[in-house]
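Now for the letters of each chain:
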Amino acid sequence: MRKQLFLLLVLYSFVATQKSLAKLLLDILPQKVKAIVDDLEHGTVIRTKPFLIDRFLSYFGEVEKLGAKFFGRSIKASEKCTGCG
C-alpha cells in the first residue's frame, strides 16, 4: 500500500490531476504518513518476495560478471590495432 501511495504521489506531482482526485489524496495523506511513521518507530519490516523471473535474471547477471572477468583477460591488442578507441 505504501509503494502504491508513493507511486501515485510521484506520478501526480508531474501530471495534472483532477481536483477531486487531488483532494482525496490530500485527505488520506496524513493517515498514510502516520502509518508509515508508526511502522518506522516500531521497526516493522515488510519484505516482498521477488518473482521467479526476477531472481533468475539477478542470478544470470552475477554469472555474467564472472564470465566477463575471464573473457576480458583474453582480449589483447594485436598488430592490426589502429588505436581507434
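Residues numbered from 1 in each chain as written. Predicted model: local features only at pLDDT ≥ 70, side-chain atom pairs only at ≥ 80, totals over all residues. Heavy atoms only, no water.

Engineer: Any chance you could explain the overall build of the protein chain here in plain terms?
Structural biologist: Along the backbone of the protein chain there are three helices and zero strands. Mapped from its N terminus to its C terminus, the protein chain presents α and β elements in the order α-α-α. (Helix = DSSP H or I, 4+ residues; strand = E, 2+ residues; numbered from the N terminus.)

Engineer: I keep staring at helix H2 (residues 19-42) and nothing clicks. Help me out?
Structural biologist: Helical geometry: 3.6 residues make up each α-helical turn, so side chains three or four residues apart lie on a common side. Between the first and last C-alpha of H2 there are 35 Å, a value that for 24 residues agrees with the 34 Å anticipated at 1.5 Å per step. Of all the bends found along H2, the most pronounced is centred on Leu 29 and spans about 35 degrees, while Pro 30, a proline, follows it within four residues. Of the residues trailing H2, Gly 43 is marked for its positive phi of about 70 degrees. (Expected span 1.5 Å × (residues − 1). Bend = angle between axes of the 7 residues up to and from the residue.)

Engineer: What's the story with the state of the cysteines in this structure? I'm lost.
Structural biologist: Each disulfide is one covalent bond, formed between the sulfur atoms of two cysteines. Inspection of every chain in the model, using the stated rule, returns zero disulfides. Lacking any disulfide linkage, Cys 84 is separated from the closest cysteine sulfur, that of Cys 81, by 6.7 Å. A residue is classified by how much of its surface remains accessible, and Cys 84, at 77% relative accessible area, is exposed. (Disulfide = S-S within 2.5 Å. Buried < 20%, exposed > 50% of the residue type's maximum accessible area, 1.4 Å probe, protein only.)

Engineer: Please clarify how the pattern of salt bridges should be interpreted in this entry.
Structural biologist: It is possible for side chains of opposite charge to pair when their charged atoms get near one another. Counted by the stated rule, this structure contains three salt bridges. Its salt-bridge partner being Lys 23, residue Asp 27 comes within 3.1 Å of it at the nearest N-O pair. One end of the pair is Asp 27 and the other is Lys 23, both in helix H2 and four residues apart, which spans about a single turn. For Lys 34, the salt bridge is made with Asp 38, and the minimal N-O distance between the two is 3.0 Å. With Lys 34 and Asp 38 both in helix H2 and four residues apart, this pair spans about one turn of that helix. (Salt bridge = Lys/Arg side-chain N within 4 Å of Asp/Glu carboxyl O.)

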